[in-house]
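# Understanding the architecture of this molecule
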Amino acid sequence: MKRLVCGVMILVSVLLTGCGFHMRGDIDEKLLPSQLKAIHVMGDDRSDIYRMVTARLRHYGVQLVDANDEVPTLNLGNISIGNSAASLDNRSQVVEYVMLFNTDYSITLPHKPLQKFSARFSRVFLNKSAQALASSREQAQLRHEMEIQTADLILIQLSHVIL
């Protein structure tokens with residue numbers, strides 16, 4: 001029985017690998033176009049998004065270089081975060097908020113027009129007025145998760161950029 005299970009697992013893995021199956025959103029060194037193997041990144045180098053994107057680019061073998069006319073430029077825009085009321089109770093007190101996370105970024109390839117992208121995410125969180133510290137920690141954690149998601153999305157969209 002153990003040999004049968006092992007054999008089936010090997011067969012499934014060989015079939016999935018053979019058909020080109022990849023997990024959705026998975027970035028591979030081969031997926032980034034060869035024109036993006038050297039790139040200049042512009043933005044606030046003290047921001048978490050900038051650090052996450054540059055770390056991911058380095059991880060996938062992209063060389064970060066100074067700006068010149070022959071390398072692509074990734075311009076990371078500002079982040080805007082806002083909260084709006086999602087639901088109210090019978091005393092018109094806010095029960096839930098929606099955190100909206102927006103950022104715009106663009107890539108300029110040599111001798112090509114500017115390509116603009118945006119990342120917009122929203123998360124719902126509860127208003128815990130009795131637990132203000134826990135609520136602020138939850139908001140900080142949600143923001144961090146959305147920054148991670150944005151950095152991943154930027155790399156995924158870079159793999160599909162029009163060359």
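So, here's what we can say about the structure. (Residues numbered from 1 in each chain as written. Predicted model: local features only at pLDDT ≥ 70, side-chain atom pairs only at ≥ 80, totals over all residues. Heavy atoms only, no water.)

### A closer look at the nonpolar core
Where we set the bar: Side-chain atoms within 4.5 Å are what join buried Ala, Val, Leu, Ile, Met, Phe, Trp, Tyr and Cys residues into a set we call a nonpolar core. Exposure categories follow from relative accessible area, calculated using a 1.4 Å probe and restricted to protein chains: below 20% of the type maximum is buried, above 50% is exposed, and the middle band is partly exposed. Each helix is a run of H or I in the DSSP string that is no shorter than four residues. Each strand is a run of E no shorter than two, and both are numbered from the N terminus. Contact definition: two residues touch when any of their heavy atoms are within 4.5 Å.
Core analysis: the biggest nonpolar cluster contains 28 residues, and I39, V53, L57, L74, L76 and L158 have the highest contact counts within it. Broken down by secondary-structure element, the contributors of at least two residues to this core are β1 (38–42), α2 (48–59), β3 (73–88), β4 (94–108), β5 (115–126) and α3 (132–159). Broken down by element, the residue count for this core peaks at six residues, all from α3. Look past the residues within four positions of I39 in its chain and what remains in contact with it is L57, V62, Q63, L64, V65, P72, L74 and I107.

### Regarding the pattern of salt bridges
Rules: The salt bridge definition used is simple: a Lys or Arg side-chain nitrogen within 4 Å of an Asp or Glu carboxyl oxygen.
According to the stated counting rule, one finds six salt bridges in the structure shown. The salt bridge involving R120 is made with D104; its shortest N-O contact spans 3.6 Å. One end of the pair, R120, is in strand β5; the other, D104, is in strand β4, and 16 residues separate them in sequence. Given the relative accessible area of 52%, R120 is considered exposed. Two residues, R143 and E147, come together in a salt bridge whose shortest N-O distance is 3.1 Å. Taken together, the positions of R143 and E147, both in helix α3 and four residues apart, correspond to about one turn of that helix. On the basis of relative accessibility, which here comes to 37%, the residue R143 falls in the partly exposed class. Judged by its relative accessible area of 3%, E147 is buried.

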